[in-house]
Amino acid sequence: MKRLFSFWDKTDCVNLAIAPDVLATLVETGQLHATDFRCLDLGSKQIVWKMFLSLAAAKLGGRQALADFSLKLRSER
């Protein structure tokens, strides 16, 4: 098993691009947490910030807010 993960020793991060709705789903389901990643540019940071605000609002106000936000993200692409 050590051989399979030996590539991790060479770097401390991986740069990825991920669709905002996929990121929102991973965060909502608890598979990814805000402390697991960082934004590399201001536009990404604003999207993530809005996503977390929307997820918090959805937890307080119901699932409709989350559905509305997901539709908005898809239309902004």
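Residues numbered from 1 in each chain as written. Predicted model: local features only at pLDDT ≥ 70, side-chain atom pairs only at ≥ 80, totals over all residues. Heavy atoms only, no water.

Considerations on helix H1 (residues 20-28)
Then step 1. All buried positions along H1 are accounted for by Pro20, Asp21, Leu23, Ala24 and Val27. Buried residues of H1 fall within an arc of 155° about the axis and therefore sit on the same side.
Then step 2. Of the residues trailing H1, Gly30 is marked for its positive phi of about 80°. (Buried < 20%, exposed > 50% of the residue type's maximum accessible area, 1.4 Å probe, protein only. Helix = DSSP H or I, 4+ residues; strand = E, 2+ residues; numbered from the N terminus. Arc of directions from axis to C-beta.)

Here we look at the environment of Asn15
Then step 1. Looking at the secondary structure, you find Asn15 in the segment before H1.
Then step 2. Separated by 25 residues in the primary sequence, Asn15 and Leu40 place their C-alpha atoms 9.0 Å from one another.

Comments concerning the environment of Ala24
Then step 1. Residue position: Ala24 is located in helix H1.
Then step 2. For the pair Ala24 and Phe52, spaced 28 residues apart in sequence, the C-alpha separation works out to 8.1 Å.
Then step 3. Ala24 has contacts with Met51 and Leu55, leaving out every residue within four places of it along the chain. (Contact = heavy atoms within 4.5 Å.)

A short note on the layout of surface pockets
Then step 1. Here the largest pocket defines a volume of roughly 670 Å³.
Then step 2. Together, 22 residues line the largest pocket, and Leu16, Ile18, Phe37, Arg38 and Cys39 are the ones closest to its centre.
Then step 3. Its residues assigned to classes, the lining of the largest pocket comprises 15 nonpolar, three polar and four charged. (1 Å grid on protein atoms, 1.4 Å probe; cavity = no way out; pocket = protein on both sides within 12 Å on 5 of 7 lines; lining within 4 Å. Points joined across faces, edges and corners; volume = space filled by probe spheres on them. Nonpolar A, V, L, I, M, F, W, Y, C, P; charged D, E, K, R; others polar.)

Here we look at the nonpolar core
Then step 1. In this structure, Leu23, Ala24, Val27, Leu32, Val48, Met51 and Leu55 together form the largest nonpolar core, which totals seven residues.
Then step 2. Mapped by element, the contributors of at least two residues to this core are H1 and helix H2 (42-61). (Core = buried A, V, L, I, M, F, W, Y, C linked by side-chain atoms within 4.5 Å.)

Points about the packing of H1 against H2
Then step 1. Contact pair H1 / H2: the axes reach a minimum separation of 11 Å and the direction vectors enclose 45°. Here H2 runs oblique to H1, going by the angle between their axes. In this structure, H1 meets H2 at a crossing whose hand is right-handed. Where H1 approaches H2, its residues Pro20, Leu23, Ala24, Val27 and Glu28 are matched on the opposing element by Ile47, Val48, Met51, Phe52 and Leu55. (Axes fitted to C-alpha atoms, helices over the stretch in contact; angles between N-to-C directions. Parallel < 35°, antiparallel > 145°, perpendicular 65-115°, else oblique. Left-handed = near helix turned anticlockwise from the far one by under 90°.)

Considerations on the confidence of the model for the chain
Then step 1. With 73% of its residues at a pLDDT of at least 70, the chain reaches an overall mean of 80.
Then step 2. Between the elements of the chain, mean pLDDT differs from a low of 69, seen in helix H3 (residues 64-76), to a high of 90, seen in H1. (pLDDT = per-residue confidence, 0-100.)

Overview of H2
Then step 1. The end-to-end C-alpha distance of H2, which contains 20 residues, comes to 28 Å, matching closely the 28 Å that a straight helix rising 1.5 Å per residue would cover.
Then step 2. Of all the positions in H2, only Val48, Met51, Ser54, Leu55 and Ala58 are classed as buried. Buried positions in H2, seen along its axis, are confined to an arc of 125° and lie on one side of it. Relative to its buried face, H2 has exposed residues pointing more than 90 degrees away, namely Leu42, Lys45, Trp49, Leu60 and Gly61.
Then step 3. Taking the backbone nitrogen of Gly43 as reference, a side-chain oxygen 3.1 Å away marks Asp41 as the first, capping residue of H2. (Expected span 1.5 Å × (residues − 1). Polar contact = N/O pair within 3.5 Å; in protein donor to acceptor, adjacent residues only side chain to side chain.)

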